[in-house]
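Reading the structure
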Amino acid sequence: MQLGRGLPTIRDRVAQMVCKMIIEPVFEADFEECSYGFRPERSSKDAMKAIKEHLQSGKTEVLDADLSSYFDTIPHDKLQKVLEQRISDPRILHLINLWLKSPVNEDGEYKGGKKQKTGTPQGGVISPLLANIYMHLVDKMVNDTRKLFYQLGIKMVRYADDFVLMGKRITREAIEKLRNILDRMGLKLNDSKTREVKAEEAGFKFLGFTIRYDRDIKGCNKCYWNIIPSDKSEKKIREKIKGFLHKSGHLAPRLVTQGLNAMVRGWLNYYDVKGISYPAMSKRRLRHYMYERLYRYYNRKSQRRSRLYGQQAFEILVSKYRLIDPTKYCA
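Rules of the game
- Residues numbered from 1 in each chain as written.
- Predicted model: local features only at pLDDT ≥ 70, side-chain atom pairs only at ≥ 80, totals over all residues.
- Heavy atoms only, no water.
- Helix = DSSP H or I, 4+ residues; strand = E, 2+ residues; numbered from the N terminus.
- Buried < 20%, exposed > 50% of the residue type's maximum accessible area, 1.4 Å probe, protein only.
- Contact = heavy atoms within 4.5 Å.
- Areas by Shrake-Rupley, 256 points an atom, 1.4 Å probe, with all protein chains shown as cover.
- Pairing = 2+ DSSP bridges.
- Axes fitted to C-alpha atoms, helices over the stretch in contact; angles between N-to-C directions.
- Patch = residues over 30% accessible without salt bridge, like charges linked within 9 Å, V, L, I, M, F, W, Y side chains within 5 Å.
- Salt bridge = Lys/Arg side-chain N within 4 Å of Asp/Glu carboxyl O.
- Phe/Tyr/Trp six-rings, centres within 6.5 Å; stacked < 30°, edge-to-face > 60°.
- Polar contact = N/O pair within 3.5 Å; in protein donor to acceptor, adjacent residues only side chain to side chain.

**Quick word on the overall build of the protein**
- Each helix and strand in the protein was counted, giving 12 helices and nine strands.
- Here the protein holds 331 residues, and 47% of them are scored as buried.
- In the protein, 66% of the contacts between residues at least 6 apart in sequence involve partners at least 24 apart.
- Carbon and sulfur atoms make up 50% of the accessible area of the protein, which amounts to about 18,700 Å² in all.

Structure below.
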């Protein structure tokens, strides 16, 4: 059984982890190189590296795909058939089926259960693996040397349910072929969010990054592939900082620094991909925001409450308490 918002009980989480440890190596042997999400020794940084390499090789036409409610629409019967191809132990198959049919307790009401025919256990340890197993069918089609995508030189970069197709030319036939594959799998593209992009003319977003073809700022008559944090990503970290300071009215400077560092370090480690992304401008904007927000934070206090009142709080926290300065941080 799962608790509110689809969170499994501790017992189920332990059981799912054990099951994952058993079956993951079996499917890892089959998974394609184009898949990066929720896999051992793979990350979003590897996905962004692949995207940049494809762009530099001339694959600048992009289908920026978005699946409609992927995790909620995976058909149980078709997923079971895929699992049966590699898992022979009926006990494991039965156990996975129980998790797929597990009822969810929300606000005292049970939802789902035996009548549930679609969706993976949200919040479950095994859910990302099941999602990868099912999407592997698409990966195989795109990389099959006998199929249309390979013959057109189209490559795929996928992170869980987020993926892009990249090629020198993305034909209408290829897009319709993708739709047909997804339709047979019981899935469909979200037309309102799926975009066809000529990347040299218009940027696109992937995994919180914006990818653009920009002119060299040094004045050279050259352009380069610029991968930077998206506006939405920058806004999100600012909102987290604002929320943290709003709730931390009387914390000691040491604790304020610890809280901010946890958020800022995670954000910088994600978006600063050595040799791939160029977050220098984003770092400067983040530093400026932290400077202004900390100044306002300490000047809300009376002089008696805080020694940082009326002073340059950001610099003091950096020098004395080791607050991270985004412009000087190296991931």
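**Points about the sheet that holds strand 9 (residues 223-229)**
- Judged by pairing direction, the sheet is antiparallel, and its three strands sit side by side in the order 7-8-9 without closing on themselves. Across the chains shown, the open sheet's two edge strands, defined by having one partner strand only, are strand 7 (204-206) and strand 9. Each neighbouring strand pair of the sheet contributes to a mean axis angle of 30 degrees, computed without reference to strand direction.
- With three bridges connecting them, strand 7 and strand 8 (residues 209-215) associate as antiparallel partners. Within strand 8, the residue paired with Lys205 across the bridge is Thr210.

**As for the sheet that holds strand 4 (residues 155-159)**
- Overall, antiparallel pairing links the four strands, which are arranged 4-5-1-6 in an open sheet. Of all the strands in the sheet, just strand 4 and strand 6 (195-198) have a single pairing partner and so form its edges. The sheet shows a mean angle of 20 degrees between the axes of neighbouring strands, direction not considered.
- Pairing geometry for strand 1 (residues 61-65) and strand 5 (residues 162-167), over five bridges, is antiparallel. The partner of Asp64 across the bridge, within strand 5, is Val164.
- Together, strand 4 and strand 5 form the strand contacts of helix 2 (residues 44-56), whose direction differs from that of strand 4 by roughly 160 degrees.

**Some points on the environment of Ser248**
- Relative to the assigned elements, Ser248 resides in the loop between helix 9 (231-247) and helix 10 (253-271).
- The spatial distance from the C-alpha of Ser248 to the C-alpha of Tyr297 is 9.4 Å, given a sequence separation of 49 residues.

**With respect to a nonpolar patch on the surface**
- A surface patch of nonpolar side chains, amounting to about 400 Å² of accessible area, comprises Ile10, Val14, Val18 and Ile22.
- Mapped onto the fold, Val18 is located in helix 1 (residues 10-28).

**Notes on the packing of aromatic side chains**
- Counted according to the given criterion, the structure contains 10 aromatic pairs.
- Where Phe38 meets Tyr159, the ring centres are 5.8 Å apart and the plane angle is 50 degrees; that geometry is what we call tilted. A residue pair is termed long-range when its members are at least 10 positions apart, and Phe38 in the loop between helix 1 and helix 2 and Tyr159 in strand 4 qualify at 121 residues.
- For the pair Trp267 and Tyr271, a centre-to-centre distance of 4.9 Å together with 45 degrees between the ring planes defines the contact as tilted. Taken together, the residues span about one helical turn, with Trp267 and Tyr271 both in helix 10 at a distance of four residues. Each member of the pair, Trp267 as well as Tyr271, carries the same accessibility label: buried.
- Taken together, the ring pairs connect Phe209, Trp267, Tyr270 and Tyr271 into an aromatic cluster.

**Let's talk about the side chain of Asp272**
- With respect to the helices and strands, Asp272 occurs in the loop between helix 10 and helix 11 (280-299).
- Here the side chain of Asp272 touches Lys283 through a polar contact of 2.8 Å, side chain to side chain.
- Not counting residues up to four positions away in its chain, the partners in contact with Asp272 are Lys45, Ser277, Pro279, Lys283, Tyr329 and Ala331.

These results come straight from atomic positions and should not be treated as a statement about function.
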